[in-house]
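Chain residues, written in single-letter form:
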Amino acid sequence: MKIISFLYPGGEASKQVPELLGCAENALGLKPFLKERGHELLSLVDKEADLDRNLPDTDILITTPFWPAYVTRARVEKAPKLKLILTGGVGSDHIDLAAAADHNITVAEITGCNVVSVAEHAVMQILTLVRNYLPAYKQVLDGRWDIGEIASKSHDLEGKIVGIVGAGRIGQRLAIRLRGFDVPMLYYDFRRLSTVEEQVLGIKYALLDDLIPKCDVISIHCPLTPETDGLFSRKRLFAMKKGSYLVNTARGKIVETLPLVEALEKGHLAGYAGDVWYPQPAPPDHPWRHMPNHAMTPHVSGTTLEAQKRYADGVKDCLQRFLDNRPIERDYLIVEGGKIVSPSYAYAYKKA
Ligand code: NAI
């Protein structure tokens, strides 16, 4: 079997921190395990040249959302031997899922592996924006002390209306974490939760276009599908409350690139944060790098050291089962048997 992986380059840190399992150098700790089973893992970094050179005779491809190898239909067609694509993480939108289904390739991700990590990052970024943290920190570095400049744009989160778009594993964990801040919360999801779930989480259901103008803060947690691509269009961004904040740790393409810059430049939105971009890695001139009032990070929320251990273990489990001809964990499957089977993705593809 030819097994290849595309993981982020870990550099010096890969030697100093052995727990940095998700990098190309440490290759999810898979090399000894695969060697024992008589297989070799080719751990690659260059997602364009290396991918295109290796695809024709690859059986299994491992990639992650943090350093995604974009597996387009054209690439799937150049990979006649490809049987399994594993995503070390959550979110397999970098793969053309319909093409994978058409070619009977199984796609699996490590469902749940980093949902806590992302929920924590979203809480951090909401507070970073609402409290006006980054300009305050910059004052410290710059040797300044201008209280008015910071305090005039700093708020309590308490009492602000928070909207959660996509109330799945991450969205629900965010709600649990925000309960302690005493905020009224609305949510939108194409699948409404039960009354009991809504009550326990302290969230009220609203349709997307009803939720948008009511919220002071919106946090996005739905997958990127043909339906959510550009969901936060110019119209929806300008329908948000003036002076509100948007946080997106789901996928960059869910928010339209240039309209977001415009909404921040015109002061319609008070701030934007998140860790997801399109494409990834974001080029040095990506317009979101230099737009006003943002608090973005590279795509790191779901790749804490703890999360890396969980997704490394999950990828190993999938490989073990696949090589033993045993079924992959049901919850991990996105595409199987020529069908998109994950409920979160299947809904959108059926409609597309
Ligand atoms: P999940 O599958 O548990 O939840 C997704 C929710 O979105 C589901 O409740 C689903 O019904 C809902 N949904 C799907 N399409 C929708 C639509 N058109 N409108 C409204 N709701 C819709 O997934 P989980 O684990 O909560 O992850 C959500 C997304 O977060 C992933 O798909 C991924 O893109 C992103 N993610 C980002 C990470 C990061 O490092 N920044 C790490 C992990 C996930």
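Counting from 1, residues in each chain are numbered in the order their sequence is written. Predicted model: local features are reported for residues with pLDDT of at least 70 only, side-chain atom pairs are reported and counted for 80 or more only, and whole-chain, interface and lining totals are derived from all residues. Excluding hydrogens and water, the side-chain values take into account all heavy atoms of the structure.

**A short note on the overall build of the protein**
Which entries qualify depends on this criterion: Runs of E in the DSSP output that reach at least two residues are strands. Runs of H or I that reach at least four are helices, and both are numbered from the N terminus. Computation of the radius of gyration draws on C-alpha atoms, with the globule rule given as 2.2 Å multiplied by the number of residues to the power 0.38. Relative accessibility thresholds used throughout: buried, under 20% of the residue-type maximum; exposed, over 50%; partly exposed, between the two (1.4 Å probe, protein chains only). Contact criterion: two residues are considered in contact whenever any of their non-hydrogen atoms come within 4.5 Å of each other.
Across its full length, the protein holds 15 helices and 13 strands. For the protein, the C-alpha radius of gyration of 21 Å lies close to 20 Å, the compact-globule estimate for 352 residues. Its C-alpha atoms give the protein principal-axis dimensions of about 65 × 50 × 35 Å. Taken over 352 residues, the protein has a buried fraction of 51%. When contacts within the protein are restricted to residue pairs at least 6 apart in sequence, those whose partners lie at least 24 apart make up 64%.

**Comments concerning the sheet that holds strand 11 (residues 269-274)**
Quick note on the threshold: Note: two strands are recorded as paired if DSSP finds a minimum of 2 bridges between them. The angle between two axes is taken between their N-to-C directions and runs from 0 to 180 degrees, where each axis is a line fitted to C-alpha atoms and a helix contributes only its stretch in contact.
Read across the sheet, 6 strands follow the order 8-7-6-9-10-11 without closing on themselves; strand pairing throughout is parallel. For this open sheet the edge positions go to strand 8 (203-205) and strand 11, each flanked by a neighbour on one side alone. In this sheet, adjacent strand axes meet at a mean angle of 20° when their direction is disregarded. Note: strand 10 (residues 244-248) against strand 11, 5 bridges, orientation parallel. Bridged to leucine 246 within strand 11 is tyrosine 272. Each of strand 9 (217-220), strand 10 and strand 11 touches helix 6 (residues 115-130); the most contacted strand, strand 10, lies at about 155° to it.

**Quick notes on the domain arrangement of the protein**
Test applied: The domain boundaries here were taken from an automatic or database domain assignment. A carboxyl oxygen of Asp or Glu within 4 Å of a side-chain nitrogen of Lys or Arg is what we treat as a salt bridge. Two N or O atoms form a polar contact when they lie within 3.5 Å of each other; inside protein one atom must be a possible hydrogen donor and the other a possible acceptor, and for residues adjacent in sequence the pair counts only when both atoms belong to side chains. Residues were grouped as follows: Ala, Val, Leu, Ile, Met, Phe, Trp, Tyr, Cys and Pro as nonpolar; Asp, Glu, Lys and Arg as charged; and all remaining residues, including Gly, as polar.
The domain boundaries assigned to the protein delineate domain 1 (2-113 + 305-351) and domain 2 (115-289). Between domain 1 and domain 2, the contact holds 22 residues from the first and 15 residues from the second. The tally of links from domain 1 across to domain 2 stands at 1 salt bridge. With a closest N to O distance of 2.7 Å, arginine 251 and aspartate 93 form a salt bridge. Summed over the shared surface of domain 1 and domain 2, the result is 7 residue pairs in polar contact (both at pLDDT 80 or more). In terms of residue count, helix 15 (residues 343-351) provides more of the side of domain 1 that touches domain 2 than any other element does, 7 residues in total. By residue class, the composition of the side of domain 1 that touches domain 2 is 13 nonpolar, 4 polar and 5 charged.

**Concerning the packing of aromatic side chains**
What counts is decided by this rule: Only Phe, Tyr and Trp rings are paired, with Trp represented by its six-membered ring, and only when their centres lie within 6.5 Å; those with planes under 30 degrees apart are stacked, over 60 edge-to-face, the remainder tilted. Charge-over-ring contacts are defined here by two conditions on Lys NZ or Arg CZ: a distance within 6 Å of the ring centre and an angle within 35 degrees of the ring normal.
All told, the structure shown has 8 aromatic pairs when counted by the stated rule. By the ring-pair criterion, three or more aromatic residues cluster together here, those being Tyr187, Tyr188 and Tyr205. Its guanidinium or amino end placed over the ring of tryptophan 67, lysine 47 lies 4.9 Å from that ring's centre, counting from NZ or CZ. If you follow arginine 234 out to its NZ or CZ, it ends over the ring of phenylalanine 238, 4.6 Å from the centre.

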